[in-house]
Amino acid sequence: MHLFAGCYERFLFGFSLNDELTNNFELKKKYTFAAHKNAVKCVASAGSLLASGGNDDLIHLYDLKSESDLGVLMNPGDGAIPCLDFFLPANRTYPTHLLSGSSDGGISIWHSGGGGWDHQKLLKGHRAAVNSISIHPTGKLALSTSKDNHLRMWNLIKGRGTYTTRIDREPETVCFNPSGAAYTLLAGQHVSVHNVVNGGSLTASIELPKKALSLAHVSDDLLLLGLEDGSLRLWDVRAQGGTGLRVFEGAHGNRIRGLSLLRSGAAAAAAAGLDKGELGGGGVLGTFASASSDGVVRVWDGRMIQWRGSGGDGGANGASNIAPSTATSTPPTGCLSSYNTRARITCLTVVAPPPASLAKSKAAKKKARQAAEVRAAAALAAEAAKQQSKKAKRKSEEAKVEEAGVEKTGDAKPKKKVRVTFKTK
C-alpha cells in the first residue's frame, strides 16, 4: 500500500505503508516524482495505477506494481486538469476507464486498451471549470460539478448528459457512497446527501462552521470531513439535526486538503484482537490518512481519536481537543505517524493492492487458463503426430508397390498381355 500527495511545487510524494499500522509505525517517504511542470491539481488511483492532473494540461500515469512511468496524456481541451476519477470493475485489478475534467468545462473519457490509454469522447455541457467528477460503482453513469454552479449527470453508455440542476452555492465536490445508492455534495460550509433512486432527493444535510474541503466515505452512513480550519468531522447521516456529528479540533494546523481511508474499523479491530463492539470513540472508523496545505501528512487510528459531540451546532462551539498552536509540533492523540513534506499539498490518494481473495482468484484463473492452453497444445501435437504417421505409412505402401512393378489401382487386377499374330498368303 502506498500513499501519494501532490503539491503546488509540481511534485508527487509517495509513502510506503505496511500492514502493521500501530503506534510504532513510522511514515517514511519512498518516492518523489517531478510529475508536472506546474502545480499538481489532483490525484486518483485504482488498483496499482496512479494518475495526477496538473496545471500544465497533462495527465501523468504511473504503475506502482511494476514501478514504471507510463507517460502522459494531453488534455484534448484547454486548460488545467482539476479532477480525475478511475473506473475499476468488480473482480478486476486494473481500471478500464478514466474520466478527466478540464478548466474549460469539458470532460474527457479515456479507455485502457491495446497496452495504452485512448481518448474516446469529449463530453460538453459545463460552461466553466469542472470542480469534481465521480463515477458510479456500476460504471454506467457519472456526476460532475462545476464553477458554473451546476451539477450534471452523464450517461456513460451513450456518452451524453441526462440531467442537470443549478445549485445556489458553488458545488465543489461530489462523491458517490460505496454502494452507489446516494451521493454527497460539498458546497462551502453546506454538506448534503442525496438519494440516487429518487431523482436526487435530499436525504440529509448539515451546516458546518467552516468550509469543508475534503471528504471520505467510511460507509454508506458515515462521512469523514476535513475542514479549512484543520479540524475533522465524523458525521452519521442517519441522525437528525447534526446530533450524529462528532468533532476533532486541531488535527492539522491548516486546511485539510485530502483524506484517504486505509483500513476499515472492523479490519482494524480484527488486527488488534478486538470485537466490533470494543472500538473506541471513532466508531467504525479505522485507520486513515490526512494531508494539509502546510505540508504535513498524518496517519490516524480512528479508534484512538477523542471525538466529542458537536451539540447539534456543527462543532461551532465547545472546547477544542488540542490547542491549534501545538497541532503541527506535537501530534494529537490518535496520530500514528506524521511527516512534513515542507510543500503546499493540494491533494491525497492511497494506492492499495487488490484484496488477497481477488488476487488468489485471478492467480487460480490464470493457472487454469495456462493448464488449458497446455492441454490444447498437447492435443494439437498428438493430432499432428497421428497425421504424420498416416502420411509415412501411405508413402511406405506406395514405395512397395512401385518396387513390385505393379500399379496400384484399388481392387482392380492387373491386365494380361495379348499376343496377336498375322498370317501371310
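About the thresholds
- Starting afresh in each chain, residues are numbered from 1 along the sequence in its written order.
- Predicted model: local features are reported for residues with pLDDT of at least 70 only, side-chain atom pairs are reported and counted for 80 or more only, and whole-chain, interface and lining totals are derived from all residues.
- Where side-chain values are given, they derive from all heavy atoms of the structure, hydrogens and water being excluded.
- Only DSSP runs of H or I with at least four residues qualify as helices, and only runs of E with at least two residues qualify as strands; both kinds are numbered from the N terminus onward.
- Categorising residues by exposure relies on relative accessible area from a 1.4 Å probe, with only protein chains included: less than 20% of the type maximum marks a residue as buried, more than 50% marks it as exposed, and the intermediate range marks it as partly exposed.
- Two residues form a contact once any of their heavy atoms are found within 4.5 Å.
- Computed by Shrake-Rupley with a 1.4 Å probe, the accessible areas treat only the displayed protein chains as cover when residues are assessed.
- What qualifies as a polar contact is a pair of N or O atoms within 3.5 Å, subject to a donor-acceptor requirement within protein and to the restriction that residues adjacent in sequence count only when both atoms come from side chains.
- Pairs of strands are assigned from DSSP output, requiring at least two bridges between the strands.
- Angles shown run from 0 to 180 degrees and are taken between the N-to-C directions of axes, each axis being a line fitted to C-alpha atoms and, for helices, limited to the stretch in contact.
- To pair, rings of Phe, Tyr and Trp, with the six-membered ring standing in for Trp, must have centres within 6.5 Å; the planes then decide the type, stacked if under 30 degrees apart, edge-to-face if over 60, and tilted in the middle.
- Within this scheme, the nonpolar core is defined by two criteria: the residues are buried Ala, Val, Leu, Ile, Met, Phe, Trp, Tyr or Cys, and they are joined through side-chain atoms within 4.5 Å.
- By definition, a salt bridge exists where a carboxyl oxygen of Asp or Glu is found within 4 Å of a side-chain nitrogen of Lys or Arg.

A. Broad picture of the overall build of the protein chain. Within the protein chain, the regular secondary structure consists of 2 helices and 29 strands. By residue count, 45% of the 425 residues in the protein chain fall in the buried class. The contacts in the protein chain between residues at least 6 apart in sequence include a share of 52% that link residues at least 24 apart. When the accessible surface of the protein chain is split by element, carbon and sulfur atoms take 50% of a total near 22000 Å².

B. Local environment of the environment of Lys37. The residue Lys37 is located in the loop between β3 (29-34) and β4 (40-46) in this model. Between the C-alpha atoms of Lys37 and Asn55, which are 18 residues apart in sequence, the distance is 7.7 Å. Filtering out sequence-adjacent residues up to four positions away, Lys37 remains in contact with Arg10 and Asp56.

C. Expanded view of the environment of His60. On the secondary structure map, His60 appears in strand β6 (residues 58-63). Since its relative accessible area comes to 9%, His60 is described here as buried. Those residues within four positions of His60 in sequence are excluded, and the remaining contacts are Ala35, His36, Leu50, Ala51, Ser52, Asp69, Gly71 and Val72. Among the polar contacts made by the side chain of His60, one reaches the main-chain carbonyl oxygen of Ala35 at a distance of 2.8 Å.

D. Quick peek at the pairing of strand β9 (residues 97-101). Where burial is concerned, most of β9 is hidden: 4 out of the 5 residues are buried. Here 5 bridges tie strand β8 (residues 83-87) to β9, and the two strands are oriented antiparallel to one another. Bridging from a neighbouring strand, Phe86 pairs with Leu98 of β9. Direction of pairing for β9 relative to strand β10 (residues 107-113): antiparallel, over a ladder of 5 bridges. Bridge pairing in β10 links His97 to His111. Following β9, the chain reverses through 5 residues before pairing antiparallel with β10; Gly105 in that reversal takes a positive phi of roughly 100 degrees.

E. Quick look at the sheet that holds strand β23 (residues 245-248). Strand order in the open sheet formed by 5 strands is β20-β21-β22-β23-β27, with antiparallel pairing between adjacent strands. In this open sheet, the two edge strands, each paired with only one partner strand, are β20 (212-217) and β27 (308-309). Here 4 bridges tie strand β22 (residues 232-236) to β23, and the two strands are oriented antiparallel to one another. Following the sheet pairing, Leu232 is matched in β23 by Phe248.

F. View of unusual backbone geometry. Here the phi dihedral of Asn91 falls at roughly 65 degrees; this positive angle occurs in a residue that is not glycine. Relative to the elements of secondary structure, Asn91 occurs in the loop between β8 and β9. In this structure, Arg342 takes a positive phi of about 60 degrees despite not being glycine. As for its position among the elements, Arg342 is in the loop between β28 (335-340) and β29 (345-351).

G. Main features of the sheet that holds strand β26 (residues 296-301). What the 4 strands build is an open sheet, ordered β24-β25-β26-β28; its pairing is antiparallel. Each end of this open sheet is capped by a strand with a single partner; those strands are β24 (256-263) and β28. Between one strand axis and the next, the sheet turns by 15 degrees as a mean value, whatever way the strands run. Direction of pairing for strand β25 (residues 287-292) relative to β26: antiparallel, over a ladder of 5 bridges. When the sheet's bridge partners are listed, Ala289 is paired in β26 with Val299.

H. Quick look at the packing of aromatic side chains. Counted according to the given criterion, the structure contains 11 aromatic pairs. On the basis of an interplanar angle of 10 degrees and a centroid distance of 4.5 Å, the ring pair of Phe33 and Tyr62 is categorised as stacked. Of the two residues, Phe33 is situated in strand β3 and Tyr62 in strand β6; the sequence distance between them amounts to 29 residues. What makes Tyr62 buried here is its relative accessible area of 5%. Where Phe288 meets Trp300, the ring centres are 6.2 Å apart and the plane angle is 10 degrees; that geometry is what we call stacked.

I. Representation of the nonpolar core in the model. Among the nonpolar cores identified, the biggest contains 18 residues, and Leu3, Leu17, Leu27, Leu262, Val297 and Val299 are the most heavily contacted of them. Put simply, the parts of the chain that give this core at least two residues each are β1 (2-7), β2 (11-16), β25, β26 and β29. Ignoring sequence-local partners within four residues, the contact set of Leu3 consists of Phe13, Gly14, Phe15, Leu17, Ser260, Leu262, Ala289, Val297, Leu348, Thr349 and Val350. Ranked by size, the runner-up nonpolar core spans 16 residues in total, among them Leu222, Leu224, Phe248 and Trp300.

J. Representation of the pattern of salt bridges within the structure. For the coordinates displayed, the defined rule picks out 10 salt bridges. Across the salt bridge formed by Arg344 and Glu9, the nearest N and O atoms sit 3.0 Å from each other. Taken together, the positions of Arg344 in the loop between β28 and β29 and Glu9 in the loop between β1 and β2 put the pair 335 residues apart, joining distant regions of the chain. With relative accessibility at 48%, the residue Arg344 sits in the partly exposed group. Given a relative accessible area of 29%, Glu9 falls into the partly exposed group. With its nearest N and O atoms 3.6 Å apart, the salt bridge here joins Glu249 to Arg233. Pair noted here: Glu249 is in the loop between β23 and β24 and Arg233 is in strand β22, with a separation of 16 residues, a long-range link. Comparing Glu249 with Arg233 shows no difference in burial state: the two are buried.

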